[in-house]
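So the chains spell out like this:
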Amino acid sequence: MRVLAIESSCDESAAAILDETDGLLAHELYSQVEVHRAYGGVVPELASRDHVRKLLPLVRRALETAGGGTDSLCGVAYTAGPGLIGALLTGAALGRSLAYAWGIPAVAVHHLEGHLLAPLLEPQPPPFPHVALLVSGGHTQLIEVRGVGRYRILGDTRDDAAGEAFDKTAKLLGLPYPGGPELARLAGAGVPGVFQFPRPMLDRPGLEFSFSGLKTAVQHAVRGRALDPRLEADVARGVQDAIIETLTVKAERALEQTGLDTLVVSGGVSANLSLRAALAAAAAHRGARVYYPRIEFCTDNAAMIAMAGLLRLRAGAHQGLAIEARAHWPIESLAPVAAGASSREASLGSP
Ligand code: KG4
Ligand code: ZN
């Protein structure tokens, strides 16, 4: 079975082709960073218009790279939510239409399920059940993953997501969009402890997060202060350390609570190398193992959508002819897939 996947939920246009036997054959990505940079954040209408321009050429390139022609495809997967509704509709319309034209099934994929299943693209996929720490621009969740489509949310954020906390504090420091990776880069040159920011919700039991106070704390710390580059790096370090410690302690707590010894970390913030190191150390300390997607599949991409789509198509899921997308879509509402299927069976190997 071979699928074409399309991702367009936010500011990345992407297409990928995944084959059940041969693995990942092509993955194409175009980032809209330059389109949105002047505005300091994603402008939804500009995002939609750019997806319309870029998606089809990306699909063509992916087909050329993979070879085998459209006849070799068994289905088309597209991100149907959650995300920016206009952006989602561009990918959904294209994916649904191509599947119709080629006479093959289409499947709507949940973007966050894509992130959760991205580590299955790696040669050493994580076993089920496991705890997933999903840290993206819009979500910060601890999820008990018992199998594909079998998700139980253990903890969520009450306000900002971890990626949002990175982005908003980066903006306060005057760093260009997208702020997360910029702040992480700057933090590398900072001295730990010069700025001690709050570790939100650590003093309380439970697995909830709250990151909005961090932004206010940074605002207070930098107000009326001339920040030279050295001090700026120290602030960045303070912010990153606060976010990482919070995520690490809560992830450990989730392992403790569930009695599981496998942790999966995915979503854009899982590209942060300091976070990876902190989680690896914490897990090793308690005899647990951590799995990540490779860096390029931490942030938005179509390979992860292909993985989720292929597993769902293989289980018989497919959409009607209506073009549907959802800005909000609770992950717990997804249908379970082939209960009992091992992750090794689910894994499709590396490119
Ligand atoms: O998963 P993703 O690409 O898009 C969403 O689904 O939201 O995540 C994007 C988020 C942004 O907030 C971005 O700043 C953050 O991931 N991010 C990082 C790093 N790379 C991306 N945050 C911290 N350190 C990084 N290296
Ligand atoms: Zn994402």
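**Student:** Any chance you could break down the domain arrangement of the protein chain for me, citing the residues and the numbers?
**Tutor:** Per the domain assignment, the segments of the protein chain are domain 1 (2-118 + 299-347) and domain 2 (128-292). The interface is formed by 27 residues belonging to domain 1 together with 22 residues belonging to domain 2. Contact between domain 1 and domain 2 buries roughly 1,900 Å² in total, counting both sides, with carbon and sulfur atoms accounting for 68%. When residues of domain 1 are sorted by the area they lose upon contact with domain 2, Leu 112, Leu 116 and Glu 332 head the list and together hold 29% of the total. Where domain 1 meets domain 2, there are zero salt bridges. Counting the contacts that link domain 1 with domain 2 gives eight residue pairs in polar contact (both at pLDDT 80 or more). Broken down by element, the side of domain 1 that touches domain 2 gets its largest block of residues, five residues, from helix 4 (residues 111-117). Of the residues contributing to the side of domain 1 that touches domain 2, the split by class is 14 nonpolar, eight polar and five charged.

**Student:** Residues and numbers for the sheet that holds strand 3 (residues 23-31), please.
**Tutor:** Read from one edge to the other, the open sheet built from five strands follows the order 3-2-1-4-5, with strand pairing classed as mixed. A strand with exactly one partner marks an edge of an open sheet, and here the two such strands are strand 3 and strand 5 (106-110). For this sheet the average axis-to-axis angle between neighbouring strands, irrespective of direction, equals 20°. Judged from the five bridges that link them, strand 4 (residues 75-81) and strand 5 form a sheet pairing that is parallel. Counterpart to Tyr 78 in the pairing with strand 5 is Ala 108.

**Student:** How would you sum up the sheet that holds strand 7 (residues 140-147)? Please name residues and give values.
**Tutor:** Neighbouring strands of a sheet are bound in pairs by backbone hydrogen bonds; such pairs are parallel or else antiparallel. The five strands are arranged 8-7-6-9-10 in an open sheet whose pairing can be described as mixed. Strands at the two margins of the open sheet, each flanked by one partner only, are strand 8 (150-155) and strand 10 (289-291). Taken pair by pair, the neighbouring strands of this sheet meet at an average axis angle of 30°, ignoring direction. Pairing between strand 7 and strand 8: five bridges, direction antiparallel. Among the inter-strand pairings, Ile 143 is bridged to a residue of strand 8, identified as Ile 153.

**Student:** Give me the lowdown on the nonpolar core, citing residues and values where you can.
**Tutor:** Ranked by internal contacts, the top residues of the largest apolar core, which has 61 residues, are Ile 17, Leu 18, Val 59, Leu 116, Leu 117 and Tyr 151. If one sorts the elements of this core by residue count, helix 10 (residues 303-314) sits on top with nine residues. Mapping this core onto the domain boundaries places at least three of its residues in each of domain 1 (2-118 + 299-347) and domain 2 (128-292). Leu 133, Leu 142, Leu 154 and Leu 247 belong to the second largest nonpolar core, which has 46 residues in total.

**Student:** A description of the environment of Thr 140 should follow, citing residues and the corresponding values.
**Tutor:** Residue position: Thr 140 is located in strand 7. We classify Thr 140 as buried; its relative accessible area is 0%. Between the C-alpha atom of Thr 140 and that of Val 109, which follows or precedes it by 31 residues, the distance is 19 Å. Apart from the residues within four sequence positions on either side, Thr 140 is in contact with Leu 134, Val 135, Gly 155, Asp 156, Thr 157, Ala 161, Ala 162, Phe 209, Phe 211 and Leu 247. Within polar-contact distance, the side chain of Thr 140 engages the backbone nitrogen of Ala 162 at 2.6 Å.

Definitions and cut-offs
- Residues numbered from 1 in each chain as written.
- Chains lettered and ligands numbered in written order.
- Predicted model: local features only at pLDDT ≥ 70, side-chain atom pairs only at ≥ 80, totals over all residues.
- Heavy atoms only, no water.
- Domains from an automatic or database assignment.
- Contact = heavy atoms within 4.5 Å.
- Buried area = accessible area lost by both parts, 1.4 Å probe.
- Salt bridge = Lys/Arg side-chain N within 4 Å of Asp/Glu carboxyl O.
- Polar contact = N/O pair within 3.5 Å; in protein donor to acceptor, adjacent residues only side chain to side chain.
- Helix = DSSP H or I, 4+ residues; strand = E, 2+ residues; numbered from the N terminus.
- Nonpolar A, V, L, I, M, F, W, Y, C, P; charged D, E, K, R; others polar.
- Pairing = 2+ DSSP bridges.
- Axes fitted to C-alpha atoms, helices over the stretch in contact; angles between N-to-C directions.
- Core = buried A, V, L, I, M, F, W, Y, C linked by side-chain atoms within 4.5 Å.
- Buried < 20%, exposed > 50% of the residue type's maximum accessible area, 1.4 Å probe, protein only.

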